[in-house]
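# Report on the structure
Here is what each chain is made of, one letter per residue.
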Amino acid sequence: MPAIRTTPADTAPGPQAFLAAQTRWRLVEILFWLALLSPFFLLPTYLTLASQIAITALFALSVDLILGYAGIITLGHALFFGIGAYTAGLVAKWGWGEAISGLVLAALAAGFVGYVTGFIITRVHHLALIMITLGLGLVAVEAANSASWLTGGADGLQGVRMWKLLGTFEFDLWGYSAYGYSLGALFVFFLISRRIVHSPFGLSLRGIRENLDRMPAIGAPSRARLHKIYVISAAMAGVAGALLAPRPIPRSANRGGPNQRQRRPRLDGLAGCGSGLAGGGAVRGPDAHDVAHREHVDQFAVTVDRQVSDAAL
Amino acid sequence: MTTQIVGILFDGLAFGMLLFVLSVGLSVTLGLMNFINLAHGSFAMIGGYVTLTLMREGGWPFLATLPAAFVITALISVAFERTLFRRLYRSTALNQVLLTIGLVFVSAAIAAYFYGTVQQPIQVPDYLRGSHEIAGVSFATYRLFLLVVALFLVALLIGGLEYTRFGARIRAAVDDQRMARGLGIDVDSVFAVTFALGSGLAGLGGALAIEIVGLDPSFGFHYLVFMLIVVAVGGLGSVGGSFAAAALLGIFDVAGKYYVPALGSFLIYIVLIVLLFVRPRGLFGKR
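Small disclaimer: the values here were computed from a predicted structure and weren't measured.

Analysis parameters
- Residues numbered from 1 in each chain as written.
- Chains lettered and ligands numbered in written order.
- Predicted model: local features only at pLDDT ≥ 70, side-chain atom pairs only at ≥ 80, totals over all residues.
- Heavy atoms only, no water.
- Pairing = 2+ DSSP bridges.
- Helix = DSSP H or I, 4+ residues; strand = E, 2+ residues; numbered from the N terminus.
- Buried < 20%, exposed > 50% of the residue type's maximum accessible area, 1.4 Å probe, protein only.
- pLDDT = per-residue confidence, 0-100.
- Contact = heavy atoms within 4.5 Å.
- Buried area = accessible area lost by both parts, 1.4 Å probe.
- Salt bridge = Lys/Arg side-chain N within 4 Å of Asp/Glu carboxyl O.
- Nonpolar A, V, L, I, M, F, W, Y, C, P; charged D, E, K, R; others polar.
- Expected span 1.5 Å × (residues − 1).
- Bend = angle between axes of the 7 residues up to and from the residue.

## Focus on the pairing of strand 1 (residues 131–134) of chain B
Residues and elements named next belong to chain B. In the sheet, strand 1 pairs with strand 2 (residues 137–140) via 4 bridges, with the strands oriented antiparallel. Each residue of the ladder has a partner; that of Ile134, found in strand 2, is Val137. Count of turn residues in the strand 1/strand 2 antiparallel hairpin: 2 residues, of which Ala135 carries a positive phi of about 50 degrees.

## Thoughts on the environment of Ala235 of chain A
Residue and element names in this part refer to chain A. Mapping Ala235 onto the fold places it in helix 11 (residues 222–242). By relative accessible area, Ala235 is classed as buried at 17%. Spatially, the C-alpha atom of Ala235 lies 7.4 Å from that of Ala106, the residues being 129 residues apart in sequence.

## Re the confidence of the model for chain A
Residues and elements named next belong to chain A. Summary statistics for chain A give a mean pLDDT of 73 and a share of 73% for residues scoring 70 or more. Mean pLDDT across the elements of chain A bottoms out in helix 12 (residues 269–272) (34) and peaks in helix 11 (92). Long-range and interchain partners of residues 248–313, a stretch whose pLDDT sits below 50, account for 143 contacts in this model, where long-range means more than four residues apart.

## Structural notes on the interface of chain A and chain B
On the side of chain B, 27 residues touch chain A, which itself brings 28 residues to the contact. Both sides together, the interface formed by chain A and chain B hides about 2,300 Å², and carbon and sulfur atoms give 88% of it. There are 0 salt bridges connecting chain A and chain B. Secondary structure elements with two or more residues in the side of chain A that touches chain B: helix 6 (99–121), helix 7 (126–146) and helix 13 (288–312) of chain A. By residue class, the composition of the side of chain A that touches chain B is 18 nonpolar, 7 polar and 3 charged.

## With respect to helix 9 (residues 219–234) of chain B
Residue and element names in this part refer to chain B. With 16 residues, helix 9 extends 22 Å between its outermost C-alpha atoms, agreeing within 8% with the 22 Å of an ideal straight helix rising 1.5 Å per residue. Where helix 9 bends most, at Val225, the angle is about 25 degrees. Extensive coverage of helix 9 is indicated by the burial of 15 of its 16 residues. Where helix 9 ends, the next residue or the one after it, Gly235, has phi of about 100 degrees, a positive value.

The structure is reproduced here in structure tokens:
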């Protein structure tokens, strides 16, 4: 039999105090973030990998907002990752290689698509939701593959030239700037997510996850709240994708050569994300099937990641 | 023109029947236990590799390997059901999805380890090759065979579900699990048997699919999407719904790729999204 806890009114923390206690930084969190700077000194040859891990972490964070907190089970979030990656890549290709504004544009593009698809997503549940998100992701894969005049199709987007980050740091082969750029974006969006989930809005999302029908009764319109977090999460996934754009471009790249690290950099946004975690060993020939397949790989790797980022939050 | 349409309808229907055999088990188990088994495609892949191995190493004739694919897949699946899946029946959809998709990865890696990542062709017997010409339209013999097998299975399944005692138990458990338990039906063992039968059918489908779509370690991923579409569109736990959905999907897919190749693969996904948005429970779903 569960014990009934009676807290005296004077010791019970108020809602503000409760949220403030949750937002307080713990020592282990500070140490964790400081540790993320260590690759600059300890593993300077693996900074490209480290930046891909940071990108995947940011993508996982965006999935966590809707899946872990709001309870929207999605299999198609790579859609926004891809939109972000292509937006940033295309903008840079067309002559505007400024990195930070590229992120903003990618967030806007992904957020807009998230807003439009959100009307569908927030109206279906269970299997239909899983299948519709999966369907949206697959439509995006098909679209990116067939619109090869725009995206380069299965070969990936070519000719992306990024300017120096903040006019100072060049995106070089070593990935110093790339890791700093990815880590900075990850940290900023981590702070934003932390703020969101520990706000009254974030609490209402958890309530909606637990009981969709009951939350409107206590003044939280479920559908509107879900739509809002879906757009936020889509924009974040777009930023994660956009962080892929400044990949180093080796001049003598020939795909299919013995050294696969030297393969032509591909911006097949939908597939490229997990190369840090999941797809690390899965560098294969770029055919449509492969892209579709790896999209699943990455998406699910990210879902597993939820646990990790959940713990981090 | 007419012959072309008939040809496309026939090819689409044959592909649809293949999808039906692959996915009908998933539909029933999803409807019965609400367990989202994404590893269903892996069971189909097991069936395919069973047939391949028996034909290559054992020298079995093709037709004799089909029952073996059914039985071995069913046995393997029930072992998984008893040890892993049953722990997650009361769990959230996310945990079920994660466990079963993990199994798909494992199975793909195991298949790649033993058989390599290349497509594995098989040599079907002579009497299943070639084609028959009827009224100016040529019908591939293997697809005719597929059609006959699928129609036979539909009759068997509908007959079994509608007219046998065990079928009545399954239907009762799908409709209202708690009530069925209350009436003394052992839902767990009904489910174990249903699960084995459904996975066995997937194994049979995988064996039949080699000749049409090939077999490689990514089979479990690639056809999972088609299976889920069939199940979601057909409605959970409905054999007739799965049949109609599979036939529609097959015909749409083949016709779309033939007439509007630029739009080919979009078509089915867009149809899927629109259909599920309008009818979240599928075309024939009751619950």
